[in-house]
Amino acid sequence: MKGIILAGGSGTRLYPMTLTTSKQLLPVYDKPMIYYPLTTLMLAGIREILVISTPHDLPQFERLLGDGARLGISIQYAEQPRPEGLAQAFVIGADFVAGGSSALILGDNVFYGHGLQELVSRAAERDTGASVFAYRVADPERYGVIDFDSERRAISIEEKPAKPTSNWAVTGLYFYDHQVVDIAANLRPSARGEFEITDVNRAYLERGQLRVEIMGRGYAWLDTGTPESLLEAGEFVGTLEKRQGFRIACPEEVAFRQGFISKRELEGLGAALGKSAYGQYLLRVAEIDDVG
């Protein structure tokens, strides 16, 4: 399975912070925002990743992430000249996906929870249909909304409804089989003039091939698209890291835990960051693992 991170858009709700840089490069507490979706894909075992962003911002992502080799993964890049909906990722990334299974994650989404790795790994292992994740929210009209029957089977999905039929929002993480490229290529623009990911999910639902996983109370799904939500996400991450002593969404650590890089390579990554707290943390991870 391959993964796509959609990190485009102009981030107008975060102006003036995003006048000169992509919102996905802004910090969420102690690391760039894009580290969070990147590590979510890595936790699913995905090692081939495409980052899609604007022509202006793409060079900054390349400077930050490079080709991924230091993390034991492969990262490629593609331009999104104009934001025309989330499903556009599978038009831009059609050659990258190349008829195989793929995952799409939004560059401004933060996921956290005990069991997250198992949840996304199961979705990645499925070779047919689509898997999406539903999360209960207080303001479902801002999202794609799923309605269920009495046995928790999805019966409808609607994009930003004026009168939501449920409080279950579809998160910004999606897993698809090979059909997604053809489905996305044949979409018609919505009333908003966009190629909606909800229409892709609805196509799978109508085929009886949409699996909906519930993210319950033990999970956090954070959208960082406004100054308030960006601050809240940073406070959430900071509180957990200070309390428990480990770092959330640290790609170097995830690469090491997943077996993508060796202990020596992890030590080298930590040493390269000098005396920063982040670099010292990587060195401690390698040391503790060695002692253990």
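Residues numbered from 1 in each chain as written. Predicted model: local features only at pLDDT ≥ 70, side-chain atom pairs only at ≥ 80, totals over all residues. Heavy atoms only, no water.

Caption draft 1: Region of interest: the pattern of salt bridges. Summed over the entire model, instances satisfying the criterion amount to 18 salt bridges. The residue Glu48 makes a salt bridge to Lys2 at a minimum N-O spacing of 3.9 Å. Here Glu48 is found in strand E4 (residues 48-53), whereas its partner Lys2 is found in strand E1 (residues 2-6), with 46 residues between them in sequence. Overall, the relative accessible area of 36% leaves Glu48 in the partly exposed class. Salt-bridge contacts for Glu241 lead to Lys31; the nearest nitrogen and oxygen are separated by 2.9 Å. Placement of the pair is Glu241 in helix H8 (residues 227-244) and Lys31 in strand E3 (residues 31-32), with a sequence separation of 210 residues. Taken individually, Glu241 and Lys31 each receive the classification buried, so the pair is uniform in this respect. If you follow the salt bridges from partner to partner, you end up with Asp30, Lys31, Glu241 and Arg247 in one network. (Salt bridge = Lys/Arg side-chain N within 4 Å of Asp/Glu carboxyl O. Helix = DSSP H or I, 4+ residues; strand = E, 2+ residues; numbered from the N terminus. Buried < 20%, exposed > 50% of the residue type's maximum accessible area, 1.4 Å probe, protein only.)

Caption draft 2: Structural context of the packing of aromatic side chains. One pass over the full model with this rule turns up eight aromatic pairs. Between Tyr112 and Phe236, the ring centres sit 5.9 Å apart and the planes meet at 75°, which makes this aromatic pair edge-to-face. Of this pair, Tyr112 sits in strand E7 (residues 109-113) while Phe236 is found in helix H8, placing the two residues 124 residues apart along the sequence. Accessibility expressed as a relative area gives 23% for Tyr112, which makes it partly exposed. (Phe/Tyr/Trp six-rings, centres within 6.5 Å; stacked < 30°, edge-to-face > 60°.)

Caption draft 3: Representation of helix H7 (residues 197-206) within the structure. The element H7 is extensively covered by neighbouring structure, given that seven of its ten residues are classed as buried. Within the sequence span of H7, burial applies to Ile197, Thr198, Val200, Asn201, Ala203, Tyr204 and Leu205. Of the residues flanking the end of H7, it is Gly208, one or two places downstream, whose phi is positive at about 70°.

Caption draft 4: Expanded view of unusual backbone geometry. Across the junction of Tyr15 and Pro16, the peptide omega takes the value 5°, indicating a cis bond. Mapped onto the elements, Pro16 comes out in the loop between E1 and strand E2 (27-28). Here the phi dihedral of Ala98 falls at roughly 50°; this positive angle occurs in a residue that is not glycine. In this fold, Ala98 is placed in the loop between helix H4 (94-97) and strand E6 (102-106).

Honestly, that's just the spatial picture; any functional story needs more than this.
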